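Next come the chains, spelled out residue by residue.
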Amino acid sequence: MTQITIELPDKLAEQLNAYLEANPQDSLARLIDEALQIKLTPKDSSKLLELAGIVTEAPRGAADHAEDFEN
């Protein structure tokens, strides 16, 4: 593991400290890891579209008679 020192604006540091106090199960390292995973991972929107219920592939005419088709 590598140790890095960063400077945060006072307002952001206050928000971070408040969040960590309110969520003792989280750590700064875990929070940064999660944020960087989101920011640095190549975007694959298929999971987001699936979560939102947006269909990317459907039979012809499905938009007109969606009730006739199952997931």
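Residues numbered from 1 in each chain as written. Predicted model: local features only at pLDDT ≥ 70, side-chain atom pairs only at ≥ 80, totals over all residues. Heavy atoms only, no water.

Next up on the list: the pattern of salt bridges. A pair can form between side chains of opposite charge whenever their charged atoms are brought close. With the rule as written, the count across this model stands at two salt bridges. The shortest N-O distance in the salt bridge between R30 and D26 comes to 3.7 Å. Using a relative accessible area of 43% as the deciding quantity, one classes R30 as partly exposed. Where salt bridges share partners, they join D26, R30 and E34 into one cluster. (Salt bridge = Lys/Arg side-chain N within 4 Å of Asp/Glu carboxyl O. Buried < 20%, exposed > 50% of the residue type's maximum accessible area, 1.4 Å probe, protein only.)

Now for a nonpolar patch on the surface. A cluster of nonpolar side chains, I4, I6, L8, L12, L28, I32, L36 and L40, forms an exposed patch at the surface whose accessible area comes to about 760 Å². Counting residues per element, the nonpolar patch draws most heavily on helix 2 (residues 28–40), which supplies four residues. You can see L8 is positioned in the segment before helix 1 (10–22). (Patch = residues over 30% accessible without salt bridge, like charges linked within 9 Å, V, L, I, M, F, W, Y side chains within 5 Å. Areas by Shrake-Rupley, 256 points an atom, 1.4 Å probe, with all protein chains shown as cover. Helix = DSSP H or I, 4+ residues; strand = E, 2+ residues; numbered from the N terminus.)

Estimated volume of the largest pocket: approximately 520 Å³. Taken together, 15 residues make up the lining of the largest pocket; nearest its centre are I4, I6, L28, A29 and I32. A total of six residues in the lining of the largest pocket trace back to one element, the largest contributor, which is helix 2. For the lining of the largest pocket, the class distribution of residues is 11 nonpolar, three polar and one charged. (1 Å grid on protein atoms, 1.4 Å probe; cavity = no way out; pocket = protein on both sides within 12 Å on 5 of 7 lines; lining within 4 Å. Points joined across faces, edges and corners; volume = space filled by probe spheres on them. Nonpolar A, V, L, I, M, F, W, Y, C, P; charged D, E, K, R; others polar.)

Here the chain averages 80 in pLDDT, while 62% of its residues score no lower than 70. Of all the helices and strands in the chain, helix 3 (residues 46–52) carries the lowest mean pLDDT, 68, while helix 1 carries the highest, 96. (pLDDT = per-residue confidence, 0-100.)

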